Amino acid sequence: MGHASMLNRPEQDAGKDVWNAYLHERANIAGDVEDLWCHDMGCAAWIVVRRNTISHTIYEAKLANEVRDAD
Amino acid sequence: MRFSAWQIIKQGLTGNKGWTPHWRSPEPKPEYDVIIIGGGGHGLSTAFYLAKEHGITNIAVLEKGYIGGGNVGRNTTIVRANYMLPGNSEFYSHSLRLWENMETDFNFNAMHSQRGIINLFHSDGQRDAYARRGNQMISQGDDAVLLDREGVRQMLPYLDFEQTRFPIFGGLYHPRGGSARHDAVAWGYARGADMRGVDIIQNCEVTGIDIEGGIVKGVQTSRGAIRAKKVALMTAGRSSQTAAMAGLTLPIESHVLQAFVSEGLKPCIDHVVTYGMGHFYISQSDKGGLVFGGDLDFYASYAARGNLPMAEHVLEAGMTLMPMIGKARMLRSWGGIMDMSPDGSPIIDKTDISGLYLNCGWCYGGFKAVPGSGFSMAHLVAKDEPHGPAAKFRLDRFATGLGLMDEEGTGAQHNLH
Ligand SMILES: Cc1cc2nc3c(=O)[nH]c(=O)nc-3n(C[C@H](O)[C@H](O)[C@H](O)COP(=O)(O)OP(=O)(O)OC[C@H]3O[C@@H](n4cnc5c(N)ncnc54)[C@H](O)[C@@H]3O)c2cc1C
Ligand SMILES: [Zn+2]
């Protein structure tokens, strides 16, 4: 569902530029990324997957709430 | 050499020994007026119209691979002007009119075939939505005909009309829509640009963009540094990487879209047919292959190949709509990298860096846009101001929220288009 930076939601009054960056702008890396997936047809869990966008290799998957609460 | 029926006869009688290469392979010059990064459809058409419409010919198109090796040679070639929202509507209408003269313009056969497109609908609500879209198309000056079920049956008798999942209620017919030979579009623009003096430099990867005091000065490439007064970023699926060389972060995610082709068959599908409910569309190429596809794989990717779940989904949808294709054998499938924008519409704009121009966000619909995008981009680069039909494709619309063009009405966010 998109970059795992989505977990770091800005404060409501953070301003236009911060919100634009959060909602729209993407590093869009060709290589290793962390992004958010939803186990749609399964248990509906949100997970953060560390993977490679060129090779499609998956290195690691963690529950999204654990990643968020760890920060 | 100009192509003509006379040339074919003459070459045929002289052993076809007189055909010459379609474009030169020049060494890069130290400096150009305009450098275009990316030799896809959009980069090549921009170079062509800069030369033809604005008399600017000291141009280099820098392509890291070969001309036509990107998405311009990977797409399923649907050409249409059936958009609804202001901004998109006038742009694609203009682009389709350019298509209709393009082959004469660049003197090359791109096999543009206006065989008509039929978008199927499957409920009363969808019929209303298509009636509205058709009216928008007509008021834009394009053509649209609302067909009922019998009207569709006469044109496409091979569909399964009574399928239990999505019975067919009718279709929106766009007679001027159709397809073209994608490689030939790239070659035609390349040839037309080269004939007017543009340097097309293949195997030349841009690795950096030189900026001094907020003004673009040139680029670094795998074949050395090249200076330029103006630089245009036109790298489709790789937009974020080239923009990052100029310190820009774009509102773009790169996604993979797959396509499929069957073995060559005798003519059986005369139009382009889209089955939105099943995420499936199909046409038959002039070589006889059934060319079809569906939706994105829906995860960011630069792999230029997709995964099997989407392949299975597309083939199931095809079998539901037209069971006859089950008899055809699949030849191959491939993927291309789409620069997806948050609202599903493109960007043709200046950047904050003087002399640096941006053209991206074509999503899965940039092939039909090749002439229009090149024409409008050439205007922007030459005159430093947006061109009428593309004036709404602004980069800042996501930051301001003004002028978003969300054709599907799903929201201006990534992963919704
Ligand atoms: C499977 C599929 C089906 C599609 N179907 C349709 C359709 O039916 N109708 C439609 O309208 N559109 C369709 N599209 C979309 C369309 O193909 C694209 O929107 C369009 O081709 C993108 O523009 P382009 O031709 O300029 O891109 P490209 O051909 O990808 O050109 C970009 C070029 O930039 C080069 N480049 C990248 N980085 C660098 C660098 N650093 N230095 C130098 N060069 C660089 C690349 O090598 C590439 O050649 C489809 C796409 C796919 C993949
Ligand atoms: Zn699960």
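For the structure, check the block above.
Quick caveat: nothing in here was measured; it's all calculated off a predicted structure.

Draft legend 1. Molecular detail of the overall build of chain A. For chain A, the helix and strand inventory stands at two helices and four strands. Sequence-ordered secondary structure for chain A, helices as α and strands as β, is β-α-β-β-β-α. Out of the 71 residues in chain A, the part that is buried amounts to 30%. Long-range contacts, defined here as pairs at least 24 residues apart, represent 27% of the contacts in chain A between residues at least 6 apart. Accessible surface computed for chain A: about 4600 Å², of which carbon and sulfur atoms make up 53%. Mean positive and mean negative side-chain charge positions of chain A (7 and 12 charges, respectively) differ by 3 Å.

Draft legend 2. Region of the structure containing the coordination of the zinc ion (ligand 2). Residue and element names in this part refer to chain A. Within the protein, the atoms that donate to the zinc ion (ligand 2) are His39 (ND1) and Cys43 (SG), at distances of 1.8 to 2.1 Å. Since its relative accessible area comes to 42%, His39 is described here as partly exposed. Classification of Cys43 by relative accessible area gives exposed; the value is 57%.

Draft legend 3. Main features of the packing of helix H2 (residues 41–54) of chain B against helix H9 (residues 370–383) of chain B. All names here are of chain B. Relative orientation of the contacting elements H2 and H9 amounts to 55 degrees, with a least axis distance of 7 Å. Between H2 and H9, the crossing angle belongs to the class labelled oblique. Handedness of the H2/H9 crossing: right-handed. Packed against H2, whose contacting residues are Gly41, His42, Ser45, Thr46, Tyr49, Leu50, Glu53 and His54, the element H9 presents Val370, Pro371, Ser373, Gly374, Phe375, Met377, Ala378, His379, Val381, Ala382 and Lys383 at the interface. Taken together, the residues that form the contact of H2 with H9 break down as nine nonpolar, eight polar and two charged.

Draft legend 4. Structural context of the sheet that holds strand E1 (residues 2–3) of chain A. Residue and element names in this part refer to chain A. Here we have four strands laid out as an open sheet, ordered E1-E2-E3-E4, and antiparallel in their pairing. Every other strand in the sheet has two partners, leaving E1 and strand E4 (58–63) as the edge strands with one partner each. In this structure, E1 lies alongside strand E2 (residues 32–38), joined through two bridges in antiparallel fashion. Within E2, the residue paired with His3 across the bridge is Asp35.

Draft legend 5. Just the environment of B:Tyr66, in detail. Residue and element names in this part refer to chain B. Mapped onto the secondary structure, Tyr66 falls in the loop between strand E2 (59–62) and strand E3 (78–79). Given a relative accessible area of 56%, Tyr66 falls into the exposed group. Sequence separation between Tyr66 and Leu146 is 80 residues; the distance between their C-alpha atoms is 42 Å.

Draft legend 6. Structural detail: the layout of surface pockets. Approximately 1000 Å³ is the volume found for the second largest pocket. Lining the second largest pocket are 30 residues, and of these A:Trp37, A:Asp40, B:Asp297, B:Phe298 and B:Tyr299 lie nearest its centre. Counted by class, the lining of the second largest pocket contains 14 nonpolar, eight polar and eight charged residues.

Scoring rules and cut-offs
- Residues numbered from 1 in each chain as written.
- Chains lettered and ligands numbered in written order.
- Predicted model: local features only at pLDDT ≥ 70, side-chain atom pairs only at ≥ 80, totals over all residues.
- Heavy atoms only, no water.
- Helix = DSSP H or I, 4+ residues; strand = E, 2+ residues; numbered from the N terminus.
- Buried < 20%, exposed > 50% of the residue type's maximum accessible area, 1.4 Å probe, protein only.
- Contact = heavy atoms within 4.5 Å.
- Areas by Shrake-Rupley, 256 points an atom, 1.4 Å probe, with all protein chains shown as cover.
- Lys, Arg positive; Asp, Glu negative; His and termini not counted.
- Charge placed at Lys NZ, Arg CZ, Asp CG, Glu CD.
- Donors = N, O, S within 2.8 Å, 3.2 Å for Na, K, Ca; no water.
- Axes fitted to C-alpha atoms, helices over the stretch in contact; angles between N-to-C directions.
- Parallel < 35°, antiparallel > 145°, perpendicular 65-115°, else oblique.
- Left-handed = near helix turned anticlockwise from the far one by under 90°.
- Nonpolar A, V, L, I, M, F, W, Y, C, P; charged D, E, K, R; others polar.
- Pairing = 2+ DSSP bridges.
- 1 Å grid on protein atoms, 1.4 Å probe; cavity = no way out; pocket = protein on both sides within 12 Å on 5 of 7 lines; lining within 4 Å.
- Points joined across faces, edges and corners; volume = space filled by probe spheres on them.

All quantities given are derived from atomic positions and should not be read as evidence of function.
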